[in-house]
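Given next are the chains, with one letter for each unit.
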Amino acid sequence: MKQNPILSNDGDDDPMGMLTNLFDVAMVFAVALMVALVSHFSMSEIFSKDDFTIVKNPGAENMEIITKEGDEIKKYSSSDDDSSSSGSKGRKVGTAYQLENGEIIYIPE
């Protein structure tokens, strides 16, 4: 009995089939890596709709303040250079403390 060549499945004759599977694996790996980085660095706030403020390196010379208001994200850096007219640079002028009752105390330097 002779089999119909259309119905027989002797193997894959498509050399690009393996490349397609390799691309799919690479995409799954890339998405998993992005999710792992976001969860490791606790950056899930960036993708939420809530407004937030992040202070990087508080009290250090290279301190940065990142704020999100609506869809706009602003970054402020501390610097001794006051020549910037954009208003996105500044320098530390004191320290503020918030007490348990909500009162804020500012201590200038």
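Residues numbered from 1 in each chain as written. Predicted model: local features only at pLDDT ≥ 70, side-chain atom pairs only at ≥ 80, totals over all residues. Heavy atoms only, no water.

A. Spatial organisation of the layout of surface pockets. Each pocket or cavity is described by its volume, and for the largest pocket that value is around 160 Å³. Considering the residues around the largest pocket, the lining is formed by Arg 91, Lys 92, Val 93, Gly 94, Thr 95, Ala 96 and Tyr 106. For the lining of the largest pocket, the element with the most residues is strand S5 (residues 94-98), which contributes three residues. Here the lining of the largest pocket is built from residues that sort into three nonpolar, two polar and two charged. (1 Å grid on protein atoms, 1.4 Å probe; cavity = no way out; pocket = protein on both sides within 12 Å on 5 of 7 lines; lining within 4 Å. Points joined across faces, edges and corners; volume = space filled by probe spheres on them. Helix = DSSP H or I, 4+ residues; strand = E, 2+ residues; numbered from the N terminus. Nonpolar A, V, L, I, M, F, W, Y, C, P; charged D, E, K, R; others polar.)

B. Inspection of a nonpolar patch on the surface at higher detail. Together, Phe 29, Leu 33, Leu 37, Phe 41 and Met 43 make up an exposed nonpolar region whose accessible area comes to about 510 Å². Positionally, Leu 33 belongs in helix H1 (residues 17-40). (Patch = residues over 30% accessible without salt bridge, like charges linked within 9 Å, V, L, I, M, F, W, Y side chains within 5 Å. Areas by Shrake-Rupley, 256 points an atom, 1.4 Å probe, with all protein chains shown as cover. Salt bridge = Lys/Arg side-chain N within 4 Å of Asp/Glu carboxyl O.)

C. Representation of H1 in the model. Over its 24 residues, H1 extends 35 Å from the first C-alpha to the last, a length consistent with the 34 Å expected when each residue adds 1.5 Å. Looking one or two residues beyond H1, the residue adopting positive phi is Ser 42, at roughly 50°. (Expected span 1.5 Å × (residues − 1).)

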